[in-house]
Amino acid sequence: MLISAKTEYACIAVLELAARHGHGEPVRIREIADAHDIPSRFLVQILLQLKSAGLVQSVRGASGGYNLAKDPDEITLLDVMTVVDAQLGHAPSSSTRNTPTTRALQRTWKEVAANERALLEDVTFAKLVERLRGAPEGMYY
């Protein structure tokens, strides 16, 4: 799975917002950018995309910033990743010929992409916050 810098930065930003969800104060772009060495201009563009998609909301003013627009358990990795990467889960073929071999491979690529999407849809930002805070992920006996 290839993840662009833009997609990773979007997930980092949403995870930071999710970790502070419910604390009342918005998170400033500069805090996220500085903590993760993300260019703040790039982060602004990403957060505007996420805002347009209804995943985050902005708060204006001197103490302004961003908050999640939904609870962290209502936002999945797939939600965030599809906002910033429209090609996610697509399996284009490089082959110029349509043969039984290329069709078999293309069907396989599509199955892999569908499984990838299903896995990403299962990971909520509430689960990621638990991982971030070191919550046990389950006991194995």
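In what follows, the structure referred to is the one given above.
Residues numbered from 1 in each chain as written. Predicted model: local features only at pLDDT ≥ 70, side-chain atom pairs only at ≥ 80, totals over all residues. Heavy atoms only, no water.

### Re the pattern of salt bridges
All told, the structure shown has four salt bridges when counted by the stated rule. For Arg 20, the salt bridge identified is with Glu 31, shortest N-O distance 2.6 Å. Of this pair, Arg 20 sits in the loop between α1 (5–19) and α2 (29–36) while Glu 31 sits in helix α2; the two residues are eleven residues apart in sequence, bridging distant segments of the chain. Judged by its relative accessible area of 30%, Arg 20 falls in the partly exposed class. By relative accessible area, Glu 31 is classed as partly exposed at 36%. (Salt bridge = Lys/Arg side-chain N within 4 Å of Asp/Glu carboxyl O. Helix = DSSP H or I, 4+ residues; strand = E, 2+ residues; numbered from the N terminus. Buried < 20%, exposed > 50% of the residue type's maximum accessible area, 1.4 Å probe, protein only.)

### Observations concerning the environment of His 21
Inspection of the secondary structure assignment puts His 21 in the loop between α1 and α2. A residue is classified by how much of its surface remains accessible, and His 21, at 30% relative accessible area, is partly exposed. When the C-alpha atoms of His 21 and Asp 71 are compared, they prove to be 7.6 Å apart, with 50 residues separating the residues in sequence. Each residue touching His 21, except ones within four places of it in the same chain, is listed here: Leu 68, Lys 70, Asp 71 and Pro 72. (Contact = heavy atoms within 4.5 Å.)

### Details of α1
Taking 1.5 Å of rise per residue, 15 residues should cover 21 Å, and α1 covers 21 Å from first to last C-alpha, within 8% of that figure. Against α2, α3 (40–52), β1 (56–59), β2 (65–68), α4 (77–84) and α6 (125–132) lie the buried residues of α1. (Expected span 1.5 Å × (residues − 1).)

### What to know about α3
The terminal C-alpha atoms of α3 lie 18 Å apart, and with 13 residues this matches the ideal 18 Å at 1.5 Å per residue to within 8%. Every buried residue belonging to α3 is among Leu 43, Ile 46, Leu 47 and Leu 50, and all of these are buried. The arc enclosing the buried residues of α3, seen along the axis, measures out at 100°, which places them on a common side. With respect to the buried face of α3, the exposed residues turned more than 90 degrees away are Arg 41 and Ser 52. Of the surrounding elements, those touching the buried residues of α3 are α1, α2, β1, β2 and α4. Just past α3, the residue Gly 54 takes up positive phi, approximately 80°. (Arc of directions from axis to C-beta.)

### Some points on the packing of α4 against helix α5 (residues 100–122)
The N-to-C vectors of α4 and α5 enclose an angle of 120°; their axes lie 6 Å apart at closest approach. Taken together, α4 and α5 sit at an angle that is classed as oblique. Counted together, Leu 77, Leu 78, Met 81 and Thr 82 of α4 and Arg 117, Leu 120 and Glu 121 of α5 form the full contact between these two elements. (Axes fitted to C-alpha atoms, helices over the stretch in contact; angles between N-to-C directions. Parallel < 35°, antiparallel > 145°, perpendicular 65-115°, else oblique.)

### Topic: the packing of aromatic side chains
Pairs of aromatic rings are described using the distance from one ring centre to the other and the angle between the two planes. Summed over the entire model, instances satisfying the criterion amount to one aromatic pair. With 5.7 Å between their ring centres and 80° between their planes, Tyr 9 and Phe 42 make a pair best called edge-to-face. Note that Tyr 9 is positioned in helix α1 and Phe 42 in helix α3, a separation of 33 residues in sequence. Residue Phe 42 is classed as partly exposed on the basis of its relative accessible area of 26%. (Phe/Tyr/Trp six-rings, centres within 6.5 Å; stacked < 30°, edge-to-face > 60°.)

### Quick look at the packing of α1 against α6
One can describe the packing of α1 onto α6 by two numbers: an axis separation of 9 Å at closest approach and a directional angle of 80°. One element, α1, and the other, α6, form an angle in the roughly perpendicular class. Where α1 approaches α6, its residues Cys 11, Val 14, Leu 15, Ala 18 and Ala 19 are matched on the opposing element by Phe 125, Leu 128, Val 129 and Leu 132.

None of the figures reported here should be taken as evidence of function without further support.
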